Amino acid sequence: MSIERVAVFRFHRDPLISRVRVGLLRRLNPGVGVHGIFGGGGGVREAACRATGRRLLGLDTLYCSPRDGHWNWKNGDLVLLDWYREHGHRLSFDVLHLVEWDLLLTEPLDRLYASVPPEAVGLTALTPLSVIGGDWRWLAGRDEAREWRELLGYARTAFGYDGTPYGCLGVGPCFPRAFLHDYAAADPPDLGNDELRYPLFAQLLGHPVADTGFRHAWHSAVDDRYFNAVGASVDPDTVAAELAAPDGRRAFHPARASFRGLRLPAAGPSGAAGRPENN
């Protein structure tokens, strides 16, 4: 059965690097729509984005969040739901991929996400909170701990939740259409952040979850070189070495260099094996 995929590209800075990323997404995934979300905040930046962002980046459509930049960063799921209610529900797709501007994906989406069933929510480094530990930023601070307690209390009161809570890295998730529909209808509260809410609401709404495999373990110094949420940008030489290896990694974060001239690891759908990426 053919799975219809769509990409939502989220950015708040570096439009020229974002343009390269969108070009790579399109090259590797011909026929897949690429829609944009700008989360840099309102005012002059939002006006400039509306005027030029879609054309500059090569996006099919562009949604500019009216919220401030910090709120958008903390609540990527709620921004996505705003987009879905306003625009996304009209699109035809089975699976949606949320791609951040500094997430480098070097294979087609169907290959990268082959381990995620189309009916499952795909999350990165899905890990029980008991394993993550209390020093995680979304549990450690006074306000963060309070918000998590309130969110967990809401889940127990509204849904009778008594499961095992998980966290994830909010980078590279994918969602079946049915989950987005149910998640938007549930109207989750602004408590905690997306890395807590994604796995929690998948449980509450009865949707299966699978790990993307982009990071092998939450606590792994080895993984930090290739895929991390808070560390240094991935070294371009590290990316090149992985792409040259037949069994190397194909997803990297944060990748803040432009990676123009990137040599892809294998023939893409267009048959352009090993050609540099010059978009």
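The notes below deal with the structure included here.

Criteria and thresholds
Along each chain, residue indices are assigned from 1 in the same order as the chain's sequence is written. At least 70 in pLDDT is required for a residue's local features to be given in this predicted model, at least 80 for side-chain atom pairs to be given and counted, and no such filter applies to totals for whole chains, interfaces and linings, which use all residues. To get the side-chain values, all heavy atoms of the structure are used, and hydrogens and water are removed first. We count a stretch as a helix when DSSP gives it H or I for four or more residues in a row; a strand needs E for two or more, and each element gets its number in order from the N terminus. Just to be clear, the radius of gyration here is over C-alpha atoms, and the globule rule we use is 2.2 Å times residues to the power 0.38. Burial status follows relative accessibility: with a 1.4 Å probe on protein chains alone, a residue under 20% of its type maximum counts as buried, one over 50% as exposed, and anything between as partly exposed. Only heavy atoms matter for contacts: two residues are in contact if any of them lie within 4.5 Å across the pair. What sets the accessible areas is the Shrake-Rupley method with a 1.4 Å probe; for residues, cover comes only from the shown protein chains. Throughout this description, a polar contact denotes any pair of N or O atoms lying within 3.5 Å of each other; where both atoms belong to protein, one of them has to be capable of donating a hydrogen while the other can accept it, and for residues adjacent in sequence the pair is counted only when both atoms sit in side chains. Whether two strands pair comes down to DSSP finding at least two bridges between them. In this description, a line fitted to the C-alpha atoms serves as the axis of each element, helices being fitted only across the stretch in contact, and the angle between N-to-C directions of two axes falls anywhere from 0 to 180 degrees. Stacked, tilted and edge-to-face are the three classes assigned to paired rings of Phe, Tyr and Trp, where Trp is represented by its six-membered ring and a pair needs centres within 6.5 Å; plane angles under 30 degrees give stacked, over 60 edge-to-face, the rest tilted. For this classification, under 35 degrees means roughly parallel, over 145 means roughly antiparallel, 65 to 115 means roughly perpendicular, and everything else is oblique. Residue polarity follows a fixed list, in which Ala, Val, Leu, Ile, Met, Phe, Trp, Tyr, Cys and Pro are nonpolar, Asp, Glu, Lys and Arg are charged, and the others, Gly among them, are polar.

### Thoughts on the overall build of the protein chain
For step 1, the next point in the chain: When you go through the protein chain residue by residue, the secondary structure sums to 12 helices and 11 strands.
For step 2, the next point in the chain: Over its C-alpha trace the protein chain gives a radius of gyration of 18 Å, about what one expects of a compact globule, namely 19 Å for 279 residues.
For step 3, the next point in the chain: Counting only C-alpha atoms and orienting by the principal axes, one finds that the protein chain spans roughly 55 × 40 × 40 Å.
For step 4, the next point in the chain: Scored against the burial criterion, the 279 residues of the protein chain give a buried share of 54%.
For step 5, the next point in the chain: The long-range share in the protein chain, meaning contacts at least 24 apart out of those at least 6 apart in sequence, stands at 75%.
For step 6, the next point in the chain: A total of about 12300 Å² of accessible surface is found on the protein chain, and carbon and sulfur atoms cover 52% of it.

### Comments concerning the side chain of His97
For step 1, the next point in the chain: Tracing the sequence through the fold places His97 in strand E4 (residues 95-100).
For step 2, the next point in the chain: A polar contact is formed between the side chain of His97 and the side chain of Arg5, at a distance of 3.0 Å.

### Quick word on the sheet that holds strand E8 (residues 209-211)
For step 1, the next point in the chain: The sheet built from seven strands is open, its strands ordered E3-E2-E1-E4-E7-E6-E8 with mixed pairing. Of all strands in the sheet, those bounded by a partner on one side alone are strand E3 (62-64) and E8. Sheet twist, expressed as the average angle between the axes of neighbouring strands with direction ignored, equals 35°.
For step 2, the next point in the chain: In the sheet, strand E1 (residues 5-11) pairs with strand E2 (residues 33-38) via six bridges, with the strands oriented parallel.

### Observations concerning the packing of aromatic side chains
One pair of aromatic rings is described through two measures. These are the centre distance and the angle between the planes.
For step 1, the next point in the chain: Tallying each qualifying case throughout the model produces 13 aromatic pairs.
For step 2, the next point in the chain: Aromatic pair Tyr154 and Phe159: ring centres 6.2 Å apart, planes at 70°, arrangement edge-to-face.
For step 3, the next point in the chain: Under the relative-accessibility criterion, Tyr154 is labelled partly exposed at 27%.
For step 4, the next point in the chain: According to the relative accessible area criterion, Phe159 is partly exposed, its value standing at 33%.

### Focus: helix H4 (residues 76-86)
For step 1, the next point in the chain: Where burial is concerned, most of H4 is hidden: nine out of the 11 residues are buried.
For step 2, the next point in the chain: For H4, every residue scored as buried is listed here: Gly76, Asp77, Leu78, Val79, Leu80, Leu81, Asp82, Trp83 and Tyr84.

### A closer look at the packing of helix H9 (residues 177-186) against helix H10 (residues 194-204)
For step 1, the next point in the chain: Taken N-terminus to C-terminus, the directions of H9 and H10 make an angle of 100°; their axes are 11 Å apart at the nearest point. Compared by their axis directions, H9 and H10 come out roughly perpendicular. Between H9 and H10, the contacting residues are Phe179, Tyr183 and Ala186 on the first element and Arg197, Tyr198, Phe201 and Ala202 on the second.
For step 2, the next point in the chain: Residue classes in the contact of H9 with H10 are distributed as six nonpolar, no polar and one charged.

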